[in-house]
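# Architecture at a glance
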Amino acid sequence: MCEKLLILLTFIIAINSVSSAHDTSFKIESVEQIHIHELFTLMIKPTLFNFSNSLSNEQIRYRPSLLGRPSLPNWMNFQFSKERNLGYLYGSATEKYANREIKIEIIALNKLTYETQRVVIPFRISFKPAPMNRIEMKITNYNWEHMTDMGRVKNLKGIFMELWPESYRDLSIVFMESAVRLGARLPLKPSNREGVIVHLGSNAQLSNRLIELDQEIKPLSKLTTCTFKRTKVQHIFQTAGFMIDWCAFKIITPEETTTLSEESTILHESSMLTSKKWNGISKDELPARNYSEELAVSIAIPAVIFSFVVALLTIVLCFHHEKLHDDESVRYFRDLFEICSRCAPVKKATSEQPKSKEPVQMVQYSGTNKTPPTTTLKSLHDPYSDNLSIDSDSPSTNIFQEGSPKLNAYYRPNPPAYTGKITFQGPSTSTVRFDKDI
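Values in this document were obtained by computation on a predicted structure and should not be read as measured data.

For the rest of this paragraph, the subject is the overall build of the protein. Scanning the protein from N- to C-terminus turns up seven helices and 14 strands. Within the protein, the fraction of its 438 residues that count as buried is 26%. In the protein, of all internal contacts separated by at least 6 residues, the share reaching a separation of at least 24 is 65%.

Here it is as structure tokens:
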């Protein structure tokens, strides 16, 4: 068991010795001097870790943190610029870190060779009073890394020294951050700039030009952003190459700072009080809806409107009924009807009366008479409807009549006469043939 532990320890020591051959720790002797309420910017280059400056931004990765801690202080930020292939460590220290010294550890990793380098940078933070007056603005035509150039920072300070000559002694940049990281929207075109939020501060009194500028842009405080506004000092910023969003331009005085701090303190205390204990509402405190009243209102209002409209139309029709009769219209339609009646075709009156269509009656003639008689004919459909003469030569003379007609109410005509010829052709068969005589 002891031999296995010894072999494991030997293996771990060998690994550490190999890794230490590729990991070199550098201690920066020069201490970075920074002040609270003042922006500092430190450029992180590959040459700081003995890496070649020709490495692309995809080959190297930086991870800064407080020495012995997993992350940076809350007031310090790190941002890597793909455009310049550089990292930037920046921030504005708070009063909590005044007169203290911190150490920032930065580890660089080459993703091609997996070589790591470590650098420790000490920072000494000095106290500085907070500026009484601050100017907040948004520069729309630059990104954050563009404002790290000393030339642009100098030009920006020169503009405000011209507008605010009293601040030439202690004018400094208090805060600077990308507008996108503070909640602004990304530009629609990737080629457009994101914008930078810059705060400048000084203890000097405000100049008259700044006071006039504040009065000029104060109505724009309700808007979040605008590009249509032009001010009296617009040409000064444009000449230096700065495009300012005047809706985001603010001048904060000590009175406004006190008011803002008091409001933030009240909100913080109220949130602390409410966060300690939360009292839920009871069922009786919940709002209740009366559906009967709502239904009555929803029906009553349209009913009232409908009644009002009906009454209005009734009044209009009743009081203006005499206008409904128009003599000219009556005369026009009467003439129109007369013209139409004259143009209509007239039917010829005929004296001939339409002949009534009577059903055709079938008659029967006597047996041997081939020619129809010219005397009265007898209908077959009703023997009582015809008033025939007894002496006429008609089939009715052959009908048996005896006594009163009531004794024999149904008169049936005699069948036609038949003449028959009988021919015997043998003892076994006999044929009888009748010839009809019509």
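On we go.
Turning next to the sheet that holds strand β6 (residues 86-92). Spatially, three strands are ordered β3-β6-β5 in an open sheet, and the strand pairing comes out antiparallel. With one partner strand each, in any of the chains shown, β3 (39-44) and β5 (76-81) form the two edges of the open sheet. In this sheet, neighbouring strand axes are inclined to one another by 20 degrees on average, regardless of whether the strands run parallel or antiparallel.

Tracing the sequence through the fold places Ala 108 in strand β7 (residues 100-110). For the pair Ala 108 and Tyr 62, spaced 46 residues apart in sequence, the C-alpha separation works out to 4.6 Å.

Turning to helix α3 (residues 208-217), its buried residues are Leu 210, Leu 213, Asp 214 and Ile 217. Seen end-on, α3 carries its buried residues on one side only, within an arc spanning 100 degrees. Seen from the buried face of α3, the exposed residues on the opposite side, beyond 90 degrees, are Asn 208, Glu 212 and Gln 215. In this structure, the buried side of α3 is in contact with β9 (133-139), α2 (150-163) and β12 (250-252).

This part covers the pairing of strand β10 (residues 172-178). Regular strands have side chains that alternate between both faces of the sheet. Counting buried residues along β10, six of its seven residues qualify, which places the element largely inside the surrounding structure. With six bridges joining them, β10 and strand β11 (residues 196-202) adopt antiparallel strand pairing. Looking at the pairing, Glu 177 lines up with Ile 197 of β11.

Below, the discussion takes up a nonpolar patch on the surface. Together, Val 297, Ile 301, Ile 305, Phe 308, Val 309, Leu 312, Leu 313 and Val 316 make up an exposed nonpolar region whose accessible area comes to about 740 Å². For Ile 305, the position within the fold is in helix α6 (residues 291-319).

Strands sit in the order β10-β11-β9-β12 across an open sheet of four strands; the sheet is antiparallel. Each edge of the open sheet carries a strand with a single partner, namely β10 and β12. For this sheet, the mean inter-axis angle between neighbouring strands, taken without regard to orientation, is 15 degrees. Across seven bridges, the pairing between β9 and β11 is antiparallel. Each bridged residue has a counterpart across the sheet, and for Ile 139 the counterpart in β11 is Val 196. Against the sheet, α2 touches β9, β10 and β11, its axis set at about 125 degrees to β9.

Attention shifts here to the packing of aromatic side chains. Counted by the stated rule, this structure contains 13 aromatic pairs. Centre to centre, the rings of Phe 49 and Tyr 62 are 5.6 Å apart; their planes meet at 35 degrees, and the pair counts as tilted. Within this pair, whereas Phe 49 is found in the loop between β3 and β4 (60-66), its partner Tyr 62 is found in strand β4, the two being separated by 13 residues in sequence. Judged by relative accessible area, which is 0%, Phe 49 ranks as buried. A residue is classified by how much of its surface remains accessible, and Tyr 62, at 8% relative accessible area, is buried. Ring centres of Trp 246 and Phe 249 lie 5.1 Å apart, and the angle between their planes is 55 degrees; this geometry places the pair in the tilted category.

A complete count under the given rule lists one disulfide for this structure. The disulfide partner of Cys 226 is Cys 247, and the gap between their sulfur atoms is 2.0 Å. As the torsion about the S-S bond is roughly 115 degrees, the Cys 226-Cys 247 disulfide counts as right-handed. Residue Cys 226 is located in the loop between α3 and α4 (234-240), and its partner Cys 247 is located in the loop between α4 and β12; the two are separated by 21 residues in the primary sequence. For Cys 226, a relative accessible area of 6% corresponds to the buried category. For Cys 247, a relative accessible area of 4% puts it in the buried group. Unpaired in terms of disulfides, Cys 340 finds its nearest cysteine sulfur in Cys 343, a separation of 6.9 Å.

Mapping Asn 143 onto the fold places it in the loop between β9 and α2. The residues touching Asn 143, leaving out its near neighbours within four places in the chain, are Glu 83, Arg 193, Glu 194, Gly 195 and Val 196.

All right, on to the pattern of salt bridges then. Tallied over the entire structure, the rule returns six salt bridges. Close ionic contact of Lys 128 with Glu 38 constitutes a salt bridge, the shortest N to O distance being 3.1 Å. One end of the pair, Lys 128, is in the loop between β8 (115-126) and β9; the other, Glu 38, is in the loop between β2 (32-35) and β3, with 90 residues separating them in the sequence. Using a relative accessible area of 23% as the deciding quantity, one classes Glu 38 as partly exposed. Between Arg 152 and Asp 149 there is a salt bridge, with its nearest N and O atoms 2.6 Å apart. Overall, Arg 152 belongs to the partly exposed group, its relative accessible area being 25%. Taken together, the shared-partner salt bridges in this structure form one network comprising Arg 84, Asp 149 and Arg 152.

Calculation notes
Residues numbered from 1 in each chain as written. Predicted model: local features only at pLDDT ≥ 70, side-chain atom pairs only at ≥ 80, totals over all residues. Heavy atoms only, no water. Helix = DSSP H or I, 4+ residues; strand = E, 2+ residues; numbered from the N terminus. Buried < 20%, exposed > 50% of the residue type's maximum accessible area, 1.4 Å probe, protein only. Contact = heavy atoms within 4.5 Å. Pairing = 2+ DSSP bridges. Axes fitted to C-alpha atoms, helices over the stretch in contact; angles between N-to-C directions. Arc of directions from axis to C-beta. Patch = residues over 30% accessible without salt bridge, like charges linked within 9 Å, V, L, I, M, F, W, Y side chains within 5 Å. Areas by Shrake-Rupley, 256 points an atom, 1.4 Å probe, with all protein chains shown as cover. Salt bridge = Lys/Arg side-chain N within 4 Å of Asp/Glu carboxyl O. Phe/Tyr/Trp six-rings, centres within 6.5 Å; stacked < 30°, edge-to-face > 60°. Disulfide = S-S within 2.5 Å.

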